[in-house]
Amino acid sequence: AQKITQTQPGMFVQEKEAVTLDCTYDTSDPSYGLFWYKQPSSGEMIFLIYQGSYDQQNATEGRYSLNFQKARKSANLVISASQLGDSAMYFCAMREGMKTSYDKVIFGPGTSLSVIP
Amino acid sequence: NAGVTQTPKFRILKIGQSMTLQCTQDMNHNYMYWYRQDPGMGLKLIYYSVGAGITDKGEVPNGYNVSRSTTEDFPLRLELAAPSQTSVYFCASSYSLGVNSPLHFGNGTRLTVT
């Protein structure tokens, strides 16, 4: 079963506007971490933001914030004041505290964001 | 600070050939990983290592081998390349196994098997 779902294969946003990228996850582990990564067209994977399952407040990093709704198992990334350089693939990922057969960070399929001038 | 360095950036292989993808990190991380990225599929874990001399299989290990002789280096070996191994390969490292420890990625290797 897919543990990370990103339902928006592609998104468009006007420059300077805010955009929300959706991520839902599935786990029975009470301890887990959620991550967002950015992959520009050049191909590298850039770590953006982290949210822990026990964190009381939503994470923020500059123009990035994470709308964490634990009961709904969602961890949406909000990018404020979009810039042309934000055009990229965005991946949601999860790391569970309970290790089963192997340690892994699970990735969603990604959302492609295009910022329109 | 170089972080995680992968070579080569691009490679074309013929079916049945073999090659080694190199990965080195200078952050003194014990934990290292190899992922492959296929379009629309996210990243899948091939192998990982929790320290020098210790490696283990991930989700999609068939057709690959790894070794970890030092903390810094974690090469991935493809034997008898097949078209199904056409993909982008990422090496990553992490400070710990904790849930708050992000992966730090190399820039990737784009491999085509024809």
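If you're wondering where the values come from, they're calculated on a predicted model, not measured in any experiment.

Calculation notes
Sequence order as written defines residue numbering, which begins from 1 separately in each chain. Numbering of ligands from 1 and lettering of chains from A proceed in the order in which they are written. At least 70 in pLDDT is required for a residue's local features to be given in this predicted model, at least 80 for side-chain atom pairs to be given and counted, and no such filter applies to totals for whole chains, interfaces and linings, which use all residues. Just so you know, side-chain values use all the structure's heavy atoms and leave hydrogens and water out. Numbered from the N terminus, helices here are DSSP runs of H or I no shorter than four residues, and strands are runs of E no shorter than two. Note on classification: 1.4 Å probe, protein chains only; a residue is buried when its accessible area is under 20% of the maximum for its type, exposed when over 50%, partly exposed between these limits. We call two residues in contact whenever any of their non-hydrogen atoms come within 4.5 Å of each other. The Shrake-Rupley method, run with a 1.4 Å probe, gives the accessible areas here. Residue values count only the displayed protein chains as cover. In summary, the charge assignment counts Lys and Arg as positive and Asp and Glu as negative, without counting His or the chain termini. A single reference atom marks each charge: NZ on Lys, CZ on Arg, CG on Asp, CD on Glu. Put simply, buried area is how much 1.4 Å-probe accessible surface two parts lose in total, over both of them, once they are put together. When a carboxyl oxygen of Asp or Glu is within 4 Å of a side-chain nitrogen of Lys or Arg, the pair counts as a salt bridge. Distance and chemistry together define a polar contact, namely a pair of N or O atoms within 3.5 Å, with one atom able to donate a hydrogen and the other to accept it when in protein, and with adjacent residues in sequence counting only for side-chain atoms on both sides. Only Asp, Glu, Lys and Arg are considered charged, only Ala, Val, Leu, Ile, Met, Phe, Trp, Tyr, Cys and Pro nonpolar, and every remaining residue, Gly among them, polar. Any two strands are treated as partners once DSSP identifies two or more bridges connecting them. Fitted lines through C-alpha atoms serve as axes, helices being fitted only where they are in contact, and the angles separating the N-to-C directions of these axes extend from 0 to 180 degrees. Note on disulfides: each one is a pair of cysteine sulfur atoms within 2.5 Å. Note on aromatic contacts: the rings of Phe and Tyr and the six-membered ring of Trp form a pair at centre separations within 6.5 Å, being stacked when their planes are under 30 degrees apart, edge-to-face when over 60 apart, and tilted otherwise.

## Quick look at the overall build of chain A
Now for step 1: Scanning chain A from terminus to terminus reveals zero helices and twelve strands.
Now for step 2: Dimensions of chain A, computed from C-alpha atoms along their principal axes, come out at roughly 45 × 30 × 20 Å.
Now for step 3: Across the 117 residues of chain A, 48% fall into the buried class.
Now for step 4: Counting only contacts in chain A whose residues sit at least 6 apart along the sequence, the fraction spanning at least 24 positions is 55%.
Now for step 5: In the form shown here, chain A has an accessible surface area of approximately 5,500 Å², with 51% of it arising from carbon and sulfur atoms.
Now for step 6: In chain A, 10 positive and 11 negative side-chain charges are present, and the distance between their average locations comes to 4 Å.

## Structural notes on the interface of chain B and chain A
Now for step 1: On the chain A side, the residues contacting the 24 residues of chain B number 24 residues.
Now for step 2: Both faces considered, chain B and chain A share a buried interface measuring about 1,800 Å² in area, 59% of it formed by carbon and sulfur atoms.
Now for step 3: Three residues stand out in chain B for area buried against chain A, namely L43(B), V99(B) and F105(B), and they jointly supply 29% of the buried area on that side.
Now for step 4: Linking chain B with chain A are zero salt bridges.
Now for step 5: Where chain B touches chain A, the interface holds seven residue pairs in polar contact (both at pLDDT 80 or more).
Now for step 6: Looking at the side of chain B that touches chain A, the elements that each hand over two or more residues are β4 (31-37), β5 (43-51) and β9 (87-94) of chain B.
Now for step 7: A class-by-class count of the residues in the side of chain B that touches chain A yields twelve nonpolar, ten polar and two charged.

## Points about unusual backbone geometry
Now for step 1: The linkage connecting T7(B) with the following residue, P8(B), adopts the cis geometry, with an omega of -5°.
Now for step 2: Considering the arrangement of structural elements, one finds P8(B) in the loop between β1 (4-7) and β2 (10-13).
Now for step 3: For K73(A), which is not a glycine, the phi torsion comes out positive at approximately 55°.
Now for step 4: Here K73(A) lies in the loop between β8 (64-69) and β9 (74-79).
Now for step 5: One non-glycine residue with positive phi stands out, namely L80(B), at about 50°.
Now for step 6: Counting through the fold element by element, L80(B) comes out in the loop between β8 (76-78) and β9.
Now for step 7: Given a relative accessible area of 65%, L80(B) falls into the exposed group.

## Topic: the sheet that holds strand β7 (residues 64-66) of chain B
Residue and element names in this part refer to chain B.
Now for step 1: In space, the four strands of this open sheet follow the order β1-β3-β8-β7, with antiparallel pairing throughout. Looking at which strands have only one partner, the edges of the open sheet turn out to be β1 and β7. Strand-to-strand twist across the sheet, computed as the mean angle between neighbouring axes with direction ignored, equals 20°.
Now for step 2: Bridge analysis of β7 against β8 gives three bridges, and the strand direction is antiparallel. Opposite Y64, over in β8, you have L78 as the bridge partner.

## Quick look at the state of the cysteines
Residues and elements named next belong to chain A.
Now for step 1: Using the criterion set out here, one finds two disulfides over all chains in the structure.
Now for step 2: Across a sulfur-sulfur distance of 2.0 Å, C23 and C92 are joined as a disulfide pair. Handedness of the C23-C92 disulfide follows from its S-S torsion of about -65°: it is left-handed. Of this pair, C23 sits in the loop between β3 (19-21) and β4 (24-25) while C92 is found in strand β10 (residues 88-96), placing the two residues 69 residues apart along the sequence.
Now for step 3: Since its relative accessible area comes to 0%, C23 is described here as buried.

## Quick notes on the packing of aromatic side chains
Now for step 1: Here the structure, examined in full by the defined rule, presents 13 aromatic pairs over all chains.
Now for step 2: Plain terms: the ring middles of Y37(A) and F105(B) are 5.4 Å apart, the flat faces sit at 90° to each other, and that makes the pair edge-to-face. Separated into two different chains, Y37(A) in strand β5 (residues 32-39) and F105(B) in strand β10 (residues 104-105) make up a pair that spans both.
Now for step 3: The exposure class assigned to Y37(A) is buried, which follows from its relative accessible area of 1%.
Now for step 4: A residue is classified by how much of its surface remains accessible, and F105(B), at 10% relative accessible area, is buried.
Now for step 5: Judged by centre distance (6.2 Å) and plane angle (15°), the ring pair of Y33(B) and Y48(B) falls under stacked.

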